Amino acid sequence: MSSGFEHGGTATGRQGKASPADIRRTNRALIFNLLFPAQRRSRADLGRLTGLSRVAISDVISDMLDEGLLCETGYAANPTGKGKRGALLGIDTSRLKIISIDLSHPQLIQGAVTDLLGIPQDCMEVALGPDNHVETDAIVQLIDQLRSDLDFGDVLGIGIVVSGVVQEGTVRDSTMLGWHNVELGPLLERQFDLPVVIVNDAIAAMLTERFFGQAGPDLIFTTFGQGVGTATLIHDMPVIGDHHAAGEIGHIAIDPNGPECPCGKRGCLEMLISAHALRERMRHHDARGRADVIRQAGDLFASALAMPVGLLDIADVCVAGPADIINNTFLEAAQQRFDAATGSSFHVRTIIRRCQVGGDLTLRGGAIAVIRRYING
Ligand SMILES: [Zn+2]
């Protein structure tokens, strides 16, 4: 597991200009990010790593302990056996809660109360009809139920995961939900008097991979499902884009002679290699033919991604999807294509790998988005 939560910035303790409240917020974030998700460090270590004075460190930490963000989790080993052993600090998973609602799965709303690491503790599901229609009332009701046993002051916020284009609290476009400019964030904030973070499903899944999988701070993450969603992480910041649609590569047309897409173009990536499209194609083949379909899909995927990989110099491409699609055949074909397309003396080899984090990728990501916003603003 890699350390750190968000890169960039140093302690602002001695830089002037920033207001005391700003400095405090920055210092809190520095400390939290050094401990999230599962690092344990002493005050002395945190002082060394942040450059903050002992007084500043113990002051900020004492507040964070009171608030329920951090806890003491045992003592550092002291090989000399002399002197006082320093208490180790870590993220407190016992008190503060986050409510995460996942609208990114077909025919189902998932909801959970999670701890500060996004680990679900109490889960609920609402089944949807075949048209996938979601009323905001159903979301409100689910949050109400999840919240009923919690102390109001212990809930940090609500995370909502949607597939589609999200701009702050507004779902600009979600084909899956049939939503256009739905101002869900402000509505839920009024209803519950809690901060609400709405996050794209590929970004949510990527955050879970980043903090609980094998990823570092630079990553391209692709999910294969109904469509093909991609998210990019640069120095631990998800790339959002000018129009909040970064990563929406499913409707980039890459084969002018390909099948017609409902969006009006031909040969969109999603028409060629979404799990849905590939399963349709495999239905007409025997085992060998099916393997060919998957091999071609891996090859095509890597061809399409070779350019952004080269553009951004990213060495880690992680994919998540059903086991019949994202299998070894797919990964080997994609790796071969990457090697052929991007190999050079100045390019570190880009590795494509399968996401190994178990279930609840997106649901957990919704909660991680809330804690990130709470800490980093
Ligand atoms: Zn299209």
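Residues numbered from 1 in each chain as written. Predicted model: local features only at pLDDT ≥ 70, side-chain atom pairs only at ≥ 80, totals over all residues. Heavy atoms only, no water.

1. Considering the packing of aromatic side chains
Argument step 1. Evaluation of the coordinates by the stated rule reveals six aromatic pairs.
Argument step 2. The interplanar angle of 80° and the centroid separation of 5.2 Å between the aromatic rings of Phe36 and Phe211 together place this pair among those described as edge-to-face. Here Phe36 is found in the loop between helix 1 (20-35) and strand 1 (41-42), whereas its partner Phe211 is found in helix 6 (residues 201-212), with 175 residues between them in sequence.
Argument step 3. Between Arg364 and the ring centre of Phe212, over which it is positioned, the NZ or CZ distance is 4.2 Å. (Phe/Tyr/Trp six-rings, centres within 6.5 Å; stacked < 30°, edge-to-face > 60°. Helix = DSSP H or I, 4+ residues; strand = E, 2+ residues; numbered from the N terminus. Lys NZ or Arg CZ within 6 Å of the ring centre and 35° of its normal.)

2. A few points about the coordination of the zinc ion
Argument step 1. The coordination sphere of the zinc ion contains the protein donors His251 (ND1), Cys261 (SG), Cys263 (SG) and Cys268 (SG), at a distance range of 2.1 to 2.4 Å.
Argument step 2. Geometry at the zinc ion is tetrahedral, judged from its four donor atoms and the angles of 97 to 121° they form at the metal.
Argument step 3. Within one chain, the residues serving as donors to the zinc ion are arranged as H-x9-C-x1-C-x4-C. (Donors = N, O, S within 2.8 Å, 3.2 Å for Na, K, Ca; no water. Tetrahedral: all angles 85-135°; square planar, octahedral: opposite > 155°, others 65-115°.)

3. Considerations on the sheet that holds strand 15 (residues 316-320)
Argument step 1. Ordered in space as 14-13-12-15-16, the five strands form an open sheet in which the pairing is mixed. The open sheet is flanked by strand 14 (237-238) and strand 16 (351-354), the only strands paired with a single partner.
Argument step 2. Strand direction decides the pairing type here: strand 13 (residues 228-234) and strand 14, joined by two bridges, are antiparallel. When the sheet's bridge partners are listed, Ile234 is paired in strand 14 with Met237. (Pairing = 2+ DSSP bridges.)

4. Quick word on the layout of surface pockets
Argument step 1. In this structure, the largest pocket spans a volume of roughly 1,300 Å³.
Argument step 2. Along the walls of the largest pocket sit 48 residues, with Ser163, Gly225, Gln226, Gly227 and Val228 positioned nearest its centre.
Argument step 3. Sorting the residues of the lining of the largest pocket by element identifies strand 9 (170-174), helix 6, strand 12 (219-224), strand 13, helix 7 (269-273), helix 8 (275-282) and helix 11 (361-376) as the ones contributing at least two each.
Argument step 4. Looking at the lining of the largest pocket, the element that brings in the most residues is helix 8, giving four residues.
Argument step 5. Tallied by class, the residues present in the lining of the largest pocket amount to 18 nonpolar, 24 polar and six charged.
Argument step 6. Per-domain counts for the lining of the largest pocket show at least three residues from each of domain 2 (97-205 + 361-376) and domain 3 (216-354).
Argument step 7. Its volume calculated, the second largest pocket comes out at about 650 Å³.
Argument step 8. Forming the walls of the second largest pocket are 30 residues, and the residues nearest its centre are Val197, Ile198, Val199, Ile240 and Arg373.
Argument step 9. Every element with two or more residues in the lining of the second largest pocket is listed here: strand 8 (165-167), helix 5 (184-192), strand 11 (196-200), helix 6, strand 14 and helix 11. (1 Å grid on protein atoms, 1.4 Å probe; cavity = no way out; pocket = protein on both sides within 12 Å on 5 of 7 lines; lining within 4 Å. Points joined across faces, edges and corners; volume = space filled by probe spheres on them. Nonpolar A, V, L, I, M, F, W, Y, C, P; charged D, E, K, R; others polar. Domains from an automatic or database assignment.)

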